[in-house]
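# Secondary and tertiary structure notes
Residues per chain, in single letters:
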Amino acid sequence: MGGLQGGAAAAVVVDVPSPGLHGFHSLSSGPAPAAKKPPRQEERGSANPKRHRGVRCGLSKRIRVTMPEAEAVAARAASFKLCSTSNLDYDYRSWVKTTFILRDRASSNYVWPWALTVCVAIFWVTLTREYPVLRDPVYDLSEFERVYTLIFSALGFMLVFRLTRAAIRYWDCRAAWGTIAMEGRNLVGDAILTIGPTAMADTEELARWFSAFVVATKCYLRRTRIPVEQLAGILTAEEVKRMERRATHTPLYCAQMMRNAIVRALLLTMDEDGKVEVTEEDTSEELQLHAGACVSRNHSCRRRLHPQHSAAVMSNLSGHVDALVNQCGTMERIRGTRLPIVYVSHLRTFLLGYLLSLPFVYVTYWGWGTIPAVAAVAFALLGIEGAATECENPFSPKRFNQLGMDRFCEAAHDEMCQLLRWWREE
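Since this is a predicted model, take the numbers as computed values, not measurements.

This part is about the overall build of the protein. For the protein, the count of helices and strands is 15 helices and three strands. By residue count, 44% of the 426 residues in the protein fall in the buried class. Taking as baseline every contact in the protein between residues at least 6 positions apart, the subset at least 24 positions apart corresponds to 81%. When the accessible surface of the protein is totalled, it reaches about 22,400 Å², and 60% of it is carbon and sulfur.

Okay, structure coming up:
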């Protein structure tokens with residue numbers, strides 16, 4: 001990653017007029033060095049005509065134009081829709097649509113223990129009806145009814161605790177995504193106002209890599225590859241491949257690229273002649289284009305801010321990036337830490353044992369009605385356990401109750417498009 005590092009790397013020097021009262025020289029005790037006379041237009045054009053042509057073309061066709069393009073927006077929307085299976089937009093006011101559903105209940109999490117419980121109930125009730133000897137008082141277990149009432153109370157408490165913990169994990173993940181969206185708005189919005197007029201390319205880099213950050217975070221949590229279509233108009237296919245090749249933690253890579261953009265915008269060093277020093281390790285196209293643009297506009301676009309103001313802006317923007325990384329880490333912690341196995345194992349053992357033994361205790365009271373009664377009780381209790389299992393890992397794209405991370409990413413991209421459009425119209 002391109003950062004501003006010292007060492008044996010050679011320096012590429014770009015002539016930029018002295019910052020004067022707004023630069024570092026204003027804090028020195030001696031007089032500020034005289035500003036160099038800007039070269040004539042024909043000299044600027046002949047010094048490096050290829051660079052100047054690249055500057056104008058590069059700054060006119062950038063993310064502010066490519067990201068909101070209709071073709072890019074349509075490609076991202078189609079890819080997000082293809083990957084999304086979440087059902088967050090259900091009508092919570094409709095009892096019919098929320099009661100008579102099967103798929104979104106995540107019944108696959110508990111269908112086999114429920115089927116086993118019903119089969120055992122059918123088997124025992126049929127035996128007691130076919131063989132009257134089994135209805136002898138010797139085989140009557142109805143005396144254990146009170147014990148089962150106590151066991152049911154304990155199981156209910158354990159199930160509620162498990163579901164509550166799973167719901168908290170689900171909500172914490174949703175809150176983390178909300179924080180990512182808010183910090184992204186603040187990051188790009190503050191960058192447009194503070195460094196946008198003086199570091200256009202770096203401001204666009206922040207917007208570009210934040211848009212990539214949300215998609216990279218989603219794919220990293222799901223353990224999937226990054227679809228190139230979801231970054232249409234933001235990153236090229238080569239950039240996506242390079243990111244996946246160079247980094248196993250792609251969100252951290254995007255965050256580092258945002259930090260590099262902040263450093264380039266605010267912490268470029270000046271030599272004694274008032275020239276911007278750029279190491280060969282950071283001679284990216286974005287930096288070279290912007291440095292050439294500074295020369296062509298004949299003013300120091302790197303040092304328009306007072307050093308103290310630059311430090312404040314640096315702290316503010318870096319704080320937003322740090323917050324993004326922290327929220328990604330929060331979701332990594334939730335994904336990697338489940339409820340201890342001792343609790344889950346104990347709960348499921350007694351829950352399944354309780355359900356399997358219900359027919360033996362209540363067959364004397366209910367007869368053939370034992371089968372639907374046991375099926376209903378098992379569906380209620382196992383459904384709570386299945387809901388907890390579903391909410392415990394809200395990142396898996398195979399779950400119907402997953403977090404709508406594709407929609408979150410699409411919403412973040414739409415907000416970036418609006419910010420960039422307003423900036424372009426100013």
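Having seen it, we continue.
With that out of the way, let us pick up the packing of aromatic side chains. Scanning the model with the defined rule gives nine aromatic pairs in all. Ring plane angle 10° and centroid distance 4.6 Å describe the contact between tyrosine 362 and tryptophan 366, whose orientation is recorded as stacked. A residue pair is termed a helical-turn pair when its members lie 3 or 4 positions apart in one helix, as tyrosine 362 and tryptophan 366 do in helix α13 (residues 341-366) at four residues. Put simply, the rings of Tyr148, Phe152 and Tyr354 pair up and form one aromatic cluster. Against the face of tryptophan 423 rests arginine 64, its NZ or CZ located 4.3 Å from the ring centre. If you follow arginine 335 out to its NZ or CZ, it ends over the ring of tyrosine 220, 5.3 Å from the centre.

With their axes 10 Å apart at the nearest point, helix α8 (residues 200-222) and helix α15 (residues 405-425) run at an angle of 175° to one another. Considering the angle they form, α8 stands roughly antiparallel to α15. In this structure, α8 contributes Met200, Thr203, Glu204, Ala207, Phe210, Ser211, Val214, Val215, Lys218, Leu221 and Arg222 to the contact, and α15 contributes Met405, Asp406, Cys409, Ala412, His413, Met416, Leu420 and Trp423. Considering only residue class, the contact of α8 with α15 consists of twelve nonpolar, three polar and four charged.

With 60 residues, the main nonpolar core has Trp177, Ile195, Trp209, Val214 and Met258 as its most contacted residues. For this core, the secondary-structure elements that each account for two or more residues are α7 (145-194), α8, α9 (237-246), α10 (250-266), α12 (307-336) and α15. For this core, the element with the highest residue contribution is α8, accounting for eleven residues. When neighbours within four sequence positions are excluded, tryptophan 177 is seen to be in contact with Val214, Thr217, Lys218, Met331, Leu403, Met405, Phe408 and Cys409. Within the second largest apolar cluster, 17 residues are counted, among which are Ala121, Leu358, Val374 and Leu382.

Together, Val111, Trp112 and Leu116 line one region of the surface with nonpolar side chains, adding up to about 310 Å² of accessible area. Secondary-structure assignment places tryptophan 112 in helix α6 (residues 111-130).

In this model, α15 (21 residues) spans 30 Å end to end at C-alpha, consistent with the 30 Å of a helix rising 1.5 Å per residue. For α15, the set of buried residues is Met405, Asp406, Phe408, Cys409, Ala412, His413, Met416, Cys417, Leu419, Leu420 and Trp423. On the buried face of α15, the contacting elements are α3 (63-66), α4 (70-83), α7 and α8.

Direction vectors running N to C along α9 and α10 enclose 115°, while the axes themselves pass 9 Å from each other. Considering their axes alone, α9 and α10 lie roughly perpendicular with respect to each other. In this structure, α9 crosses over α10, and the sense of that crossing is right-handed. On the side of α9, the interface is formed by Met243, Glu244 and Arg246, while α10 contributes Thr250, Tyr253 and Cys254. For the contact of α9 with α10, the residue count by class is three nonpolar, one polar and two charged.

To continue, consider the state of the cysteines. Per the stated rule, a full pass over the model turns up zero disulfides. Cysteine cysteine 409 remains unbridged, with the sulfur of cysteine 219 as its closest cysteine sulfur at 7.4 Å.

In this section: the confidence of the model for the protein. Of the residues in the protein, 75% have a pLDDT of 70 or more, and the chain-wide mean is 78. Note on residues 1-60: pLDDT is under 50 here. Beyond four places in sequence and across chains, it has 96 contacts. Predicted confidence for residues 269-303 stays below pLDDT 50, and this span has 108 contacts to residues more than four positions away or in other chains.

Scoring rules and cut-offs
Residues numbered from 1 in each chain as written. Predicted model: local features only at pLDDT ≥ 70, side-chain atom pairs only at ≥ 80, totals over all residues. Heavy atoms only, no water. Helix = DSSP H or I, 4+ residues; strand = E, 2+ residues; numbered from the N terminus. Buried < 20%, exposed > 50% of the residue type's maximum accessible area, 1.4 Å probe, protein only. Contact = heavy atoms within 4.5 Å. Areas by Shrake-Rupley, 256 points an atom, 1.4 Å probe, with all protein chains shown as cover. Phe/Tyr/Trp six-rings, centres within 6.5 Å; stacked < 30°, edge-to-face > 60°. Lys NZ or Arg CZ within 6 Å of the ring centre and 35° of its normal. Axes fitted to C-alpha atoms, helices over the stretch in contact; angles between N-to-C directions. Parallel < 35°, antiparallel > 145°, perpendicular 65-115°, else oblique. Nonpolar A, V, L, I, M, F, W, Y, C, P; charged D, E, K, R; others polar. Core = buried A, V, L, I, M, F, W, Y, C linked by side-chain atoms within 4.5 Å. Patch = residues over 30% accessible without salt bridge, like charges linked within 9 Å, V, L, I, M, F, W, Y side chains within 5 Å. Salt bridge = Lys/Arg side-chain N within 4 Å of Asp/Glu carboxyl O. Expected span 1.5 Å × (residues − 1). Left-handed = near helix turned anticlockwise from the far one by under 90°. Disulfide = S-S within 2.5 Å. pLDDT = per-residue confidence, 0-100.

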